[in-house]
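Chain residues, written in single-letter form:
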Amino acid sequence: MPDQAPMPEFSSSVKLKYVKLGYQYLVNHFLSFLLIPIMAIVAVELLRMGPEEILNVWNSLEFDLVQVLCSSFFVIFISTVYFMSKPRTIYLVDYSCYKPPVTCRVPFATFMEHSRLILKDKPKSVEFQMRILERSGLGEETCLPPAIHYIPPTPTMDAARSEAQMVIFTAMDDLFEKTGLKPKDVDILIVNCSLFSPTPSLSAMVINKYKLRSNIKSFNLSGMGCSAGLISVDLARDLLQVHPNSNAIIVSTEIITPNYYQGNERAMLLPNCLFRMGAAAILMSNRRSDRWRAKYKLSHLVRTHRGADDKSFFCVYEQEDREGHVGINLSKDLMAIAGEALKANITTIGPLVLPASEQLLFLLSLIGRKIFNPKLKPYIPDFKLAFEHFCIHAGGRAVIDELQKNLQLSGEHVEASRMTLHRFGNTSSSSLWYELSYIEAKGRMRRGDRVWQIAFGSGFKCNSAVWKCNRTIKTPKDGPWSDCIDRYPVFIPEVVKL
Amino acid sequence: MFSKEKTIMEEDRVRFICKRTVVSTRSVEPGRLYHFSVLDHVMEPNQIRLVYYYKTSKTREPGEITKKLRESLAYTLNCYPIITGRLVKETDGKEEKEDVILRWKVKSNDAGMRMVEARAAGSVEEWLRSVTREEELKLVHWEDMYHLHYYWSTFNVQVTEFESGGLAIGLSCSHLLADPVCAMMFMRAWADLTLSRSMMAPPLFHPLPPRRFANDGLISNNQLLSQYIKSCSLMVSPSNVAEDHMVTVTLLFPDPLVRAGENESAISTFEILAGLFWICVSRAKGKRNELMDMSLCLDVRKLLRLDQSYFGNCMVYHKVPYSKPVKTKDRLLLFHAVEEIQNITKRLDYDTVMDLIEWLSSNNGAISNGSDLVCTNLENMSHPRPMMFEEDLVLRHMSCYVKGPVAGGGQVIVLPSPSGKGPKSRVVMISLPQREMTKVVEDELLLSFSPVILMKNTK
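Residues numbered from 1 in each chain as written. Chains lettered and ligands numbered in written order. Predicted model: local features only at pLDDT ≥ 70, side-chain atom pairs only at ≥ 80, totals over all residues. Heavy atoms only, no water.

## Description of the overall build of chain B
When helices and strands are counted, chain B shows 14 helices and 16 strands. Out of the 459 residues in chain B, the part that is buried amounts to 57%. Considering only contacts in chain B between residues 6 or more positions apart, those separated by 24 or more positions represent 82%. Here chain B displays about 20400 Å² of accessible surface, and carbon together with sulfur accounts for 53% of that area. (Helix = DSSP H or I, 4+ residues; strand = E, 2+ residues; numbered from the N terminus. Buried < 20%, exposed > 50% of the residue type's maximum accessible area, 1.4 Å probe, protein only. Contact = heavy atoms within 4.5 Å. Areas by Shrake-Rupley, 256 points an atom, 1.4 Å probe, with all protein chains shown as cover.)

## Structural notes on the interface of chain A and chain B
Across the contact, 17 residues belong to chain A and 21 residues belong to chain B. Counting each side, the surface lost to burial between chain A and chain B is near 1700 Å², with a carbon and sulfur contribution of 58%. If you sort the residues of chain A by the area they bury against chain B, A:Arg105, A:Glu113 and A:Tyr150 come out on top, with a joint share of 33%. Summed over the shared surface of chain A and chain B, the result is three salt bridges. Across the pair B:Asp110 and A:Arg105 runs a salt bridge whose closest N-O atoms are separated by 3.0 Å. Where chain A packs against chain B, one counts 10 residue pairs in polar contact (both at pLDDT 80 or more). (Buried area = accessible area lost by both parts, 1.4 Å probe. Salt bridge = Lys/Arg side-chain N within 4 Å of Asp/Glu carboxyl O. Polar contact = N/O pair within 3.5 Å; in protein donor to acceptor, adjacent residues only side chain to side chain.)

## Here's the deal with the packing of aromatic side chains
For any pair of aromatic rings, the description rests on two quantities: the centre-to-centre distance and the angle between the ring planes. Tallied over the full model, the rule gives 34 aromatic pairs over all chains. The rings of B:Tyr34, B:Tyr54, B:Tyr80, B:Phe155, B:Phe186, B:Trp190, B:Phe205, B:Phe311 and B:Phe389 are connected pair by pair, giving a single aromatic cluster. Positioned above the aromatic ring of A:Phe424, the side-chain terminus of A:Arg423 is 4.6 Å from the ring centre. Across from the ring centre of B:Trp104, 4.5 Å away, lies the NZ or CZ of B:Lys89, which sits over that ring. (Phe/Tyr/Trp six-rings, centres within 6.5 Å; stacked < 30°, edge-to-face > 60°. Lys NZ or Arg CZ within 6 Å of the ring centre and 35° of its normal.)

## Comments concerning the nonpolar core
All names here are of chain B. If you look at the biggest cluster of nonpolar residues, it comprises 145 residues, and the most contacted ones within it are Leu276, Phe277 and Leu296. In terms of domain composition, this core takes at least three residues from each of domain 1 (14-196) and domain 2 (223-236 + 243-382 + 405-455). Not counting residues up to four positions away in its chain, the partners in contact with Leu296 are Phe270, Ala274, Val316, Tyr317, His318, Val320, Ile341, Ile344, Thr345 and Cys375. (Core = buried A, V, L, I, M, F, W, Y, C linked by side-chain atoms within 4.5 Å. Domains from an automatic or database assignment.)

## Observations concerning the side chain of B:Asn313
Note on placement: B:Asn313 falls in the loop between strand S10 (294-299) and strand S11 (315-320). Apart from the residues lying within four places of it in its own chain, the contact partners of B:Asn313 are B:Ser37, B:Leu39, B:Asp40, B:Met43, B:His175, B:Leu176, B:Leu177, B:Ala178 and B:Asp179.

## Focus on a positive patch on the surface
Residues and elements named next belong to chain B. Together, Arg288, Lys327, Arg435 and Lys439 make up a region of like positive charge exposed at the surface. Positionally, Arg288 belongs in the loop between helix H10 (269-284) and S10. Looking at Arg288, the relative accessible area reads 53%, which means it is exposed. (Patch = residues over 30% accessible without salt bridge, like charges linked within 9 Å, V, L, I, M, F, W, Y side chains within 5 Å. Lys, Arg positive; Asp, Glu negative; His and termini not counted. Charge placed at Lys NZ, Arg CZ, Asp CG, Glu CD.)

## Focus on unusual backbone geometry
All names here are of chain A. The peptide bond linking Thr199 to Pro200 adopts the cis configuration, its omega dihedral lying at -5 degrees. Summarising the element assignment, Pro200 is placed in the loop between strand S2 (188-193) and helix H8 (202-210). Here the amide bond leading from Tyr488 into Pro489 is cis, since omega sits at 0 degrees, within 30 degrees of zero. If you trace the backbone, Pro489 turns up in the segment after strand S11 (461-469).

## Some details on the packing of helix H3 (residues 64-76) of chain B against helix H7 (residues 180-196) of chain B
All names here are of chain B. Following both chains from N to C, one finds H3 and H7 inclined at 115 degrees, their axes separated by 9 Å at the closest point. Judged on the interaxial angle alone, H7 and H3 are roughly perpendicular. Relative to H7, the crossing made by H3 is right-handed. Every residue of H7 that contacts H3 at Lys68, Leu69, Ser72, Leu73, Tyr75 and Thr76 is listed here: Phe186, Ala189, Trp190, Leu193 and Thr194. Considered class by class, the residues forming the contact of H3 with H7 number seven nonpolar, three polar and one charged. (Axes fitted to C-alpha atoms, helices over the stretch in contact; angles between N-to-C directions. Parallel < 35°, antiparallel > 145°, perpendicular 65-115°, else oblique. Left-handed = near helix turned anticlockwise from the far one by under 90°. Nonpolar A, V, L, I, M, F, W, Y, C, P; charged D, E, K, R; others polar.)

## Comments concerning the UniProt feature "domain: FAE" (unreviewed entry) in chain A
According to UniProt, the positions carrying the feature "domain: FAE" (unreviewed entry) are residues 82-370 of chain A. Helix makes up 43% of residues 82-370 of chain A and strand 19%, whereas the separation of the span's terminal C-alpha atoms amounts to 38 Å. (UniProt positions renumbered as here; feature names shortened; annotations may be inferred.)

## Overview of the pairing of strand S7 (residues 155-162) of chain B
Residue and element names in this part refer to chain B. Most of S7 sits out of view: eight of its eight residues are buried. As judged from the seven bridges shared by strand S6 (residues 113-120) and S7, these two strands associate in the parallel manner. By the bridge assignment, Ala120 is partnered in S7 with Phe162. As paired elements, S7 and strand S8 (residues 167-174) share seven bridges and run antiparallel to each other. Counterpart to Thr160 in the pairing with S8 is Ala168. The turn linking S7 back onto S8 is made up of four residues, and Gly165 within it adopts a positive phi angle of 115 degrees. (Pairing = 2+ DSSP bridges.)

## Structural notes on the domain arrangement of chain B
Residue and element names in this part refer to chain B. Splitting chain B by domain gives domain 1 (14-196) and domain 2 (223-236 + 243-382 + 405-455). In this assembly, 30 residues from domain 1 lie in contact with 34 residues from domain 2. Contact with domain 2 buries surface across domain 1, with Leu39, Val42 and Arg133 losing the most and accounting together for 26% of the total. For the pair domain 1 and domain 2, the interface holds one salt bridge. Asp179 is the partner of Arg301 in a salt bridge, and the nearest nitrogen-oxygen pair spans 3.2 Å. Of all the secondary-structure elements, those providing two or more residues to the side of domain 1 that touches domain 2 are helix H2 (38-41), helix H4 (81-84), helix H6 (133-137) and H7. If one sorts the elements of the side of domain 1 that touches domain 2 by residue count, H7 sits on top with five residues. For the side of domain 1 that touches domain 2, the class distribution of residues is 20 nonpolar, five polar and five charged.

## With respect to the sheet that holds S7(B)
All names here are of chain B. Spatial ordering of the open sheet is given by S1-S6-S7-S8-S3-S13, a layout of six strands whose pairing is mixed. Only two strands of the sheet have a single neighbouring strand rather than two, namely strand S1 (14-22) and strand S13 (393-403). Between one strand axis and the next, the sheet turns through 15 degrees on average, direction left out of account. As paired strands, S1 and S6 are joined by eight bridges and run antiparallel to one another. Considered in S6, the bridge of Val14 is made with Ala120.

## Thoughts on the side chain of A:Asp321
Residue and element names in this part refer to chain A. You can see Asp321 is positioned in the loop between strand S7 (316-320) and strand S8 (326-330). Buried charge Asp321 goes without a salt bridge, the closest partner of opposite sign being Arg322 at 7.2 Å. For Asp321, the side chain forms a polar contact with the side chain of Tyr261, separated by 2.4 Å. A polar side-chain atom of Asp321 sits 3.0 Å from the main-chain amide nitrogen of Glu323. If sequence neighbours within four positions are ignored, Asp321 has contacts with Tyr261, Gly263, Asn264, Glu265 and Met268.

Shown next, in the form of structure tokens:
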């Protein structure tokens, strides 16, 4: 008897799998399934009628010149209107991620030692930081900027500027070299850095360094959190729709130096443990000539803002603590709010990307819940059918775990996010690009693959971008992962004993 | 005019810029524990300070060379996990149950080493002309062990850039981990890596090798061993000179062998200089009929067939007995003193040292030299290849201090002299109480060697 019980389950699960596959195939290719019988009937008819009968039918249709001309003009007119009103294809030509120098490395032991020396009278806060670090999912090779290595740290404005120069200029030099772009040819420049906003802006700093044109369209986005990278992509896309034959450079970074929290309030010490140095520079273009060398095409970009809800608005809040130190307060229900924001985002992006089979199932389950039985479990569409790769913002181990559970993703799907968190830490808006770089370095990116980038940010925002790979990408020789990709993926234990 | 000069001297010429931790560029294998040898444990309460002065012909941006040194130090530390680790008193399960006393070990946890950056006014030459012991020690950063030893860096480096050109690198470390020989080898490895991106002599970390051939029994009359037995069982009275009343003078001896009239190559310059100071300091202490107690600090790496890049303590302290007449002519007295010294240096052998090591394996304690004069032999630390960090940085001067119970009541450290002064010339650093020092520098026998004063004691 006990032997019998598992067998039916196994065979039924196999049967279910085939049923599912059959169903998906049927619904997704419905139109072709309709078309095949029609074409078969027409072909049979044509074969039945001999060539002379076909000629007779053709001659009986009296076409005169005017009719032919009008109909052809009509067709040409419709097709022109269609092509003109189609939005331009936005290409991602190439991007480069900043690789911090090995001398900026901060192992756990050094971080804890500095923390102990700086917070000598607050051993409980030090203990708290140690527990966070043990469970954070970070590795021993993440980097902090030079100003934070001092005992005590010296976050001056000068140091912040020099960190900005170091990360942004290195990434941009690399991008110019990779793409062969001349600085004079840049039409649009968008720089996003949430917590450091000097005057003149970081985009002005870039323009000054590279001597960009005087009629460049430059934008500097600050205060928009870790999802600002995708917001910049959205802005670039809108601008590239308006300006024909242009390119846009986006620089996504987070400058750590001025934001190192120097107090000892626990909820505000968390960012110190997780945020690390990083930057990415991306070149986007709408030129037809770039379609051969571009890596990706932008398919969709969906932005969801939950700021209207008070709880979401206050969950990541920058404020002063009791002693006057400024830090970012992360509330305890951050995960729940992130989950809600994700749901809102999925509801919008689902119809755009999911295959018809999933949408139908979702619609049926929705109808069922609304009309028949409200207690029915909501159907979570299987996004693995819509995308080959996932890039989840490496905000922390909890974020990745939560999304993996919600979207029912396997370990391999979230591997890029987990390994980026381990090697580079939470680099804020540029982490999505490090993850994409990981997938490319592993040689998994093929032509036609779809990538889903999800970013969360303060506010609370959830933004998604869907890219389609334009050409199979060979494993790059350089890049942030080039010297360590062979060591990855690593097993990251639940708790690292310090 | 004099008061103005005094204020300039008293003003802090060394300006502290920042302190940070330098970590190795590669992450270490977590959880490794390094054990100390018995010779390490016996040196625990002491510290070493080294200062290296470099002069340069190129003008640089302030902070440029410091940045370069910091980066090359990070690469150097890849080969020195013991320096980037921290002291713990853990057990790794290998000790026998009877070992209740847990001894220090180094846990290699990748924490890094402290580095302090500073600026100094003037140039290296000006500094060397007028520096004293207190000022020189400002070029070396040191922190006593914290209450929580797990967060205490055993090695500290200070890089001081001189505003008018030149560089001073100060290294301080706990004597538990290193002796002056391997501390200097560490500096050399760092310099090699900075200059040529490759380390010529990477360090060797291994336990002291066991005895090669079993001995029939302990050597009778093992003076080295009896000295350590006395010291470890606290039968030696501590030095009666407080640390801060010591003054240091650095002298350059251009040609001690020739001045001594010794042309035989059998006598080394160290032996001559040790004999010389033995006599002068004894006289300064007012001893007329005998010479004071003196210990020699000798490197026994060669004796134990260890490579010079063995990292760890490998120097022993051997008292020199004097039984010859004292009331003779200076030259004869010097001859007698050198003979007694040679009895020790030439006759120290493998078995003597191995007996000591075996005795120390079952006995705890720390060596103390009481109020003896201690003469340390570091004259073999020079190398045909000069120690340079960059092409244009030339080593101008090297200072060495040892602090703690082994420093005894006075120290004489014999160092090689920087290149250009002759292969037989030596730099000697003498640390004595103030009163004795004034007598020693005026001693006739000393002056007959025509020493050049490099660092005097200005008061």
